[in-house]
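Descriptive analysis of the structure
What follows is the residue order along each chain.
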Amino acid sequence: MKNKGIIVFLILLAVVIVVVIVSDFIGGQPSNRSDNPYEFNVEEYTKVDPELIKYKETKQIKVDAENPHGIHWNEERVSVISDNNLLIITASGQQILKKSFEDEIYAVGNLDKNLVLAFKTYLTIVDIKGEILFQSEKEDEDAYFTSVSTLDTAIFIADAGKRRIVVYNTNAEKISEFNGVSGSSELHGFIVPSANFDLAINSDNELWVVNPGMHSIQNYTFDGKLRGFWDKASIEIDGFSGCCNPGNITFLPNGNFITSEKGLVRIKEYKPSGELVAVVAPPTKFVEEGKSPDVSTDDKGNVWVLDKDKKMIRVFEPI
């Protein structure tokens, strides 16, 4: 009898264990899970106070390219790069040039009426027909050029591979470089976790560089001395979140910044001091977990946006 009781007990115990396992499995199915009170919900940050949105979208231009990833406005036309192609498109949307090069183009800027194309390890200066005027020596394979901005007398390149700024003259000859290391204990050079590393020069000839790993925008002299910076690491609308943001920057004619972000995609306007002025385009304008749009501006203060996910140029005008 004693053995029989033990057997019955073991059978009941096994039944209980099976019931617990089955219940746990069923309850663990996505449709049956209870809400996680600690789950991070990014959806609430896609909503932006309408009072902050001070631009309206007025134009869309479909880009005839597989992988558009860079844009630059200059003299009533925009230059777009896609893989190894340079496209020049008028303000009305007419494509007037498509020029192919041997290597992939990573960034585009202008030098007076000519264009500067940054390839992975070298740069080329071309005329408006895409004909090569000057070409630099190639850097080693660790280089990864991601952005270009110019003065009348110099060309500045952001190199994400070596985490530095490289300076060339207008004949594409390298003259100097710097890595962003300063005397400040808070700054340890450029922190570049991925190939998102941008720079821009404003109308006062000030060089500003994104330090993406620190969510910081830093002002340097042309020989690499830090003059000042501002940062805002936050998922709130006035900050930058995630990895490597802001992804792209440019300037309005009044000196204010235009910034764009990847992941939670949004485009914003800031004062030079870092104070948020306006939202140009909220996350709801873009795909979820999208790429950082490239941005450029014209002399009227319109923001020309290259939406890499939708493969189109989108123009936002101030209201």
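Small disclaimer: the values here were computed from a predicted structure and weren't measured.

Next up on the list: the overall build of the protein chain. Secondary structure assignment for the protein chain yields one helix and 24 strands. Evaluated residue by residue, the protein chain yields a buried proportion of 49% over its 319 residues. Within the protein chain, counting contacts between residues at least 6 apart in sequence, those at least 24 apart form 46% of the total. Accessible surface for the protein chain amounts to roughly 16200 Å². Of this, 50% is attributable to carbon and sulfur atoms.

This paragraph deals with empty space enclosed by the protein. Leftover empty space is mapped by rolling, across the atoms, a probe with the size of a water molecule. Summed over the entire model, instances satisfying the criterion amount to one cavity of 30 Å³ or more. Around the largest cavity sit Asn74, Arg77, Ser79, Ile88, Lys113, Leu115 and Ile128, which together line it. Here the residues of the lining of the largest cavity are counted per class, giving three nonpolar, two polar and two charged.

Further remarks concern a negative patch on the surface. Taken together, the side chains of Glu43, Glu44, Glu236, Glu288 and Glu289 make up a negatively charged region of the molecular surface. Along the chain, glutamate 44 turns up in the loop between α1 (2-27) and β1 (55-62).

Time to look at the sheet that holds strand β18 (residues 248-251). As summarised here, the arrangement of the four strands in space is β18-β19-β20-β21, forming an open sheet in which the pairing is antiparallel. On the outer flanks of this sheet lie β18 and β21 (276-281), each paired with one strand and no other. This sheet shows a mean twist of 25° between the axes of neighbouring strands, independent of strand direction.

What follows concerns the pattern of salt bridges. One pass over the full model with this rule turns up 16 salt bridges. Between arginine 314 and glutamate 57 there is a salt bridge; the shortest N-O distance is 2.8 Å. Of the two residues, arginine 314 is situated in strand β24 (residues 312-318) and glutamate 57 in strand β1; the sequence distance between them amounts to 257 residues. You can call glutamate 57 partly exposed: its relative accessible area is 24%. Between glutamate 275 and lysine 271 there is a salt bridge whose closest N-O contact spans 3.5 Å. Judged by its relative accessible area of 45%, glutamate 275 is partly exposed. Lysine 271 sits in the partly exposed class, given a relative accessible area of 35%. Sharing partners across several salt bridges, the network here consists of Glu139, Asp159, Arg164, Lys174 and Glu177.

Moving on, we get to the nonpolar core. Within the largest apolar cluster, 16 residues are counted, with the highest numbers of intra-cluster contacts made by Phe156, Ile165, Phe190, Phe197, Leu199, Leu207 and Val209. Taken together, the elements giving at least two residues each to this core come down to β11 (155-159), β12 (164-168), β14 (199-201) and β15 (207-211). Once you skip the residues sitting within four places of it in the chain, valine 209 turns out to touch Ile165, Phe190, Phe197, Asp198, Leu199, Ser216, Ile217, Gln218 and Tyr220.

Taken together, four strands build an open sheet; the order of strands is β6-β7-β8-β9 and the sheet is antiparallel. Two strands lie at the open edges of the sheet, namely β6 (105-111) and β9 (132-135), each paired on one side alone. Direction aside, neighbouring strands of the sheet carry axes that sit 25° apart on average. In this sheet, strand β8 (residues 123-126) lies alongside strand β7 (residues 114-119) in antiparallel orientation, the contact comprising four bridges. Paired with valine 116 across the two strands is isoleucine 125, which belongs to β8.

Reading guide: rules and limits
In this convention, every chain numbers its residues from 1, walking through the sequence in written order. Local features in this predicted model are restricted to residues whose pLDDT is 70 or higher, and side-chain atom pairs enter the listing and the counts only when it is 80 or higher, whereas totals over whole chains, interfaces and linings include all residues. Hydrogens and water are ignored here; the side-chain numbers use all heavy atoms of the structure. In this description a helix means any DSSP run of H or I spanning at least four residues, a strand means any run of E spanning at least two, and both kinds are numbered starting from the N terminus. Here's how the labels work: a residue is buried when its accessible area is under 20% of the maximum for its type, exposed when over 50%, partly exposed in between, all with a 1.4 Å probe on protein chains only. Whether two residues are in contact is decided by their heavy atoms, any of which lying within 4.5 Å being enough. Values of accessible area rely on a 1.4 Å probe in the Shrake-Rupley scheme; residue burial ignores everything except the protein chains shown. Space inside and on the surface of the protein is sampled on a 1 Å grid over the protein atoms alone, with a cavity defined as a set of points where a 1.4 Å probe fits but cannot get out and a pocket as an open set with protein on both sides within 12 Å along at least 5 of 7 lines; lining residues have an atom within 4 Å of a point. Grid points are joined across faces, edges and corners, and a volume is the space filled by probe spheres set on the points. For this classification, Asp, Glu, Lys and Arg are treated as charged, while Ala, Val, Leu, Ile, Met, Phe, Trp, Tyr, Cys and Pro are nonpolar and the rest, including Gly, are polar. Exposure above 30% relative accessible area and no salt bridge define the residues that can form patches, which grow by joining like charges within 9 Å and nonpolar side chains of Val, Leu, Ile, Met, Phe, Trp and Tyr within 5 Å. For this document, the term salt bridge refers to a Lys or Arg side-chain nitrogen within 4 Å of an Asp or Glu carboxyl oxygen. By the counting rule applied here, Lys and Arg register as positive and Asp and Glu as negative, while His and the ends of each chain are not counted. To locate a charge, the coordinates of NZ of Lys, CZ of Arg, CG of Asp or CD of Glu are taken. A pair of strands is treated as paired once DSSP finds two or more bridges between them. Angles run from 0 to 180 degrees between N-to-C directions of axes, and those axes are lines fitted to C-alpha atoms, restricted for helices to the stretch in contact. What is meant by a nonpolar core is a set of buried Ala, Val, Leu, Ile, Met, Phe, Trp, Tyr and Cys residues, joined one to another through side-chain atoms within 4.5 Å.

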